[in-house]
Amino acid sequence: MSTRKHTALPKAQILVEALPWLTRHRGKTVVIKFGGNAMVDEELKAAFAQDVVFLHHAGLRPVVVHGGGPQISKALDRHGIVSEFKAGLRVTTEDAMDVVRMVLAGQVQRELVGLLNQHGPLAVGLTGEDAHTITATKHQPRIEGELVDIGRVGEITEIDTGAIEALLEDGRIPVVSSIARSEDDHHVYNVNADTAAAALAAALGAETLMVLTDVEGLYEDWPNSDEVISRLSAAQLEKLLPELSSGMVPKMEGCLHAVRNGVQTARVIDGRVQHSILLEIFTDEGIGTMVVPDEPEGGAQ
C-alpha cells in the first residue's frame with residue numbers, strides 16, 4: 001500500500017499545480033499555431049494531439065492553425081515546381097497555389113484532424129476560405145525599397161469568426177488551414193500561418209496564442225548566447241524585432257499583434273519537446289518565451 005501511495009503522489013501534485021491555471025483558463029479560447037518539427041515527427045504529432053485534446057477536456061477551447069512548409073516544398077518538387085523565397089515568404093505562382101491548397105487542406109489538415117479524432121468526435125477541419133473565415137488581398141513585400149511581386153501570397157484584411165465560434169460552442173476543436181479567400185477576385189491566397197494564427201487569436205478574443213517552433217524561444221543574444229528570454233513586454237519585443245532572424249520575424253510580429261489586440265499572453269514554445277504545450281501551461285516557469293501586453297500608463301490600474 002505504501003509503495004502505491006508513494007508512486008501516485010507526484011502525479012497528484014502535478015495535477016494540483018495545474019489547478020490554478022485550469023481554473024483561470026476554463027472556458028477561455030487558446031489559439032495554437034502548429035508547425036516546425038512537431039509537424040513531421042510522428043511521436044511529436046501524436047503528443048501534440050494529446051495535449052490539444054487534454055486542453056479541450058480540461059474546459060478550454062483550443063483552436064489549431066497550421067501551415068505546411070516542409071510538406072509543400074516536397075509536393076512542389078514532385079510537381080517539378082521550384083520553391084523560391086523572397087523576404088522570408090514563399091513565392092506562390094498560380095500552379096504552386098493549386099499545390100499549396102491541395103497539401104494544406106487535403107493532406108496536413110486531414111492528418112491532424114485524424115490524430116485529434118482518435119480521441120473522440122472532436123476535430124473539424126476548415127480553411128480560411130470556409131464561411132469567409134480569412135479574407136486577404138495581394139501582399140507585396142518591400143525589398144530594398146522596391147515592391148516585389150511574389151504571386152498569390154495574401155495579406156489578411158478581415159477575419160470572420162462565425163464558423164469557428166459555432167464549432168467551439170458545439171464542443172468541437174476547429175483546425176484551420178492558412179489559406180484565405182480573396183477580397184477582390186475569385187482566387188485564393190496563401191497566407192503565413194503565424195500571421196493567420198495571430199489574426200484569429202485577436203479576432204476571437206483568445207486568452208492565449210501559442211506558436212510552436214523549432215527553437216527554445218527567443219534568445220537573448222543569439223548567436224553569442226543560448227539564454228532564452230522567458231518573458232517580455234510588447235514594447236520590449238518591438239525594439240528587438242529589427243535584430244531577429246527572418247524565420248522568427250513573422251512569429252514574433254504575430255505575438256506582438258496578438259497582445260496589442262486584446263490577447264492576454266502570446267508564447268513561442270519549442271515544438272521539438274514532447275508535450276511542450278502542457279509543460280508551458282502547467283509549470284510556473286514555462287519553457288518558452290512569453291509576450292505580455294504593456295502596462296497601462298502610470299502602472300497597473
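Shown above is the structure to which this text applies.
Rules used in this analysis
Residues numbered from 1 in each chain as written. Predicted model: local features only at pLDDT ≥ 70, side-chain atom pairs only at ≥ 80, totals over all residues. Heavy atoms only, no water. Pairing = 2+ DSSP bridges. Helix = DSSP H or I, 4+ residues; strand = E, 2+ residues; numbered from the N terminus. Axes fitted to C-alpha atoms, helices over the stretch in contact; angles between N-to-C directions. Contact = heavy atoms within 4.5 Å. Parallel < 35°, antiparallel > 145°, perpendicular 65-115°, else oblique. Left-handed = near helix turned anticlockwise from the far one by under 90°. Buried < 20%, exposed > 50% of the residue type's maximum accessible area, 1.4 Å probe, protein only. Phe/Tyr/Trp six-rings, centres within 6.5 Å; stacked < 30°, edge-to-face > 60°. Lys NZ or Arg CZ within 6 Å of the ring centre and 35° of its normal. Salt bridge = Lys/Arg side-chain N within 4 Å of Asp/Glu carboxyl O. Nonpolar A, V, L, I, M, F, W, Y, C, P; charged D, E, K, R; others polar.

**Re the sheet that holds strand β11 (residues 179-182)**
Two pairing modes exist for strands in a sheet, parallel and antiparallel, and in both the strands are linked by backbone hydrogen bonds. Pairing is mixed in the open sheet, where four strands are placed in the order β9-β6-β11-β12. Among the strands making up the open sheet, the edge pair consists of β9 (154-159) and β12 (188-190). Taking the axes of each pair of neighbouring strands and ignoring which way they run, one obtains an average angle of 45 degrees across the sheet. Pairing geometry for strand β6 (residues 134-138) and β9, over five bridges, is antiparallel. If you follow Ile-134 over to β9, its bridge partner there is Ile-159. Where helix α4 (residues 94-116) meets the sheet, it contacts β11 and β12, and its direction lies at approximately 75 degrees from that of β12. Contacts between helix α6 (residues 193-204) and the sheet are confined to β6 and β9, with β9 contributing the most and set at about 15 degrees to the helix.

**Looking at the packing of helix α2 (residues 42-57) against α4**
Where α2 meets α4, the closest approach of the two axes is 9 Å, and the angle between their N-to-C directions is 60 degrees. Taken together, α2 and α4 sit at an angle that is classed as oblique. The hand of the α2/α4 crossing is right-handed. Across the interface between the two elements, Glu-42, Lys-45, Phe-48, Ala-49, Val-52 and Val-53 from α2 touch Glu-111, Leu-112, Leu-115 and Leu-116 from α4.

**Topic: the side chain of Thr-137**
Turning to its location among the elements, Thr-137 is positioned in strand β6. By relative accessible area, which is 17% here, Thr-137 ends up buried. Excluding anything up to four places from it in sequence, Thr-137 contacts Val-153, Gly-154, Glu-155, Thr-157, Glu-183, Asp-184 and Tyr-189.

**Here we look at the packing of aromatic side chains**
The full count for this structure, using the stated rule, is one aromatic pair. The ring of Tyr-189 has Arg-152 lying over it, and the distance from NZ or CZ to the ring centre is 4.2 Å.

**Some details on the pattern of salt bridges**
Under the criterion given, the structure shown has 17 salt bridges. Measuring nitrogen to oxygen at the nearest pair gives 3.4 Å for the salt bridge that ties Arg-61 to Glu-165. Placement of Arg-61 in strand β2 (residues 61-66) and of Glu-165 in helix α5 (residues 162-169) is noted, with a sequence separation of 104 residues between them. Across the pair Asp-185 and Arg-152 runs a salt bridge whose closest N-O atoms are separated by 3.4 Å. Linking Asp-185 in the loop between β11 and β12 with Arg-152 in the loop between β8 (146-147) and β9, this pair joins segments that are 33 residues apart in sequence. Judged by its relative accessible area of 29%, Asp-185 is partly exposed. Several salt bridges share partner residues, and in doing so they unite Lys-33, Asp-194 and Lys-251 into one network.

**Considering the packing of α6 against helix α8 (residues 249-260)**
At a minimum axis distance of 8 Å, the contact between α6 and α8 shows a crossing angle of 10 degrees. One finds that α6 runs roughly parallel with respect to α8. Mapping the contact onto sequence places Asp-194, Ala-198, Ala-199 and Ala-202 in α6 and Pro-250, Lys-251, Gly-254 and His-257 in α8. Within the contact of α6 with α8, the residues separate by chemical class into four nonpolar, two polar and two charged.

**Let's talk about the environment of Gly-35**
Of note, Gly-35 is situated in the loop between β1 (29-34) and α2. Given the relative accessible area of 2%, Gly-35 is considered buried. Distance from Gly-35 to His-66, taken between C-alpha atoms, is 6.3 Å for residues 31 residues apart in sequence.

**Section: the sheet that holds strand β13 (residues 208-213)**
In spatial order, the strands read β5-β10-β2-β1-β13-β17-β18-β16; together these eight strands make up an open sheet with mixed pairing. The outermost strands of the open sheet, each flanked by one partner alone, are β5 (123-127) and β16 (231-233). On average, each strand axis in the sheet is tilted by 20 degrees relative to the strand beside it, whichever way the strands run. The pairing of β16 with strand β18 (residues 289-292) spans three bridges and is classified as parallel. When the sheet's bridge partners are listed, Leu-232 is paired in β18 with Val-291. Packing of α4 onto the sheet brings it into contact with β1, β2, β5 and β10 (173-177), and relative to β5 it is tilted by some 165 degrees. With respect to the sheet, α8 is in contact with β1, β13, β17 (265-270) and β18, its orientation differing from that of β13 by roughly 175 degrees.

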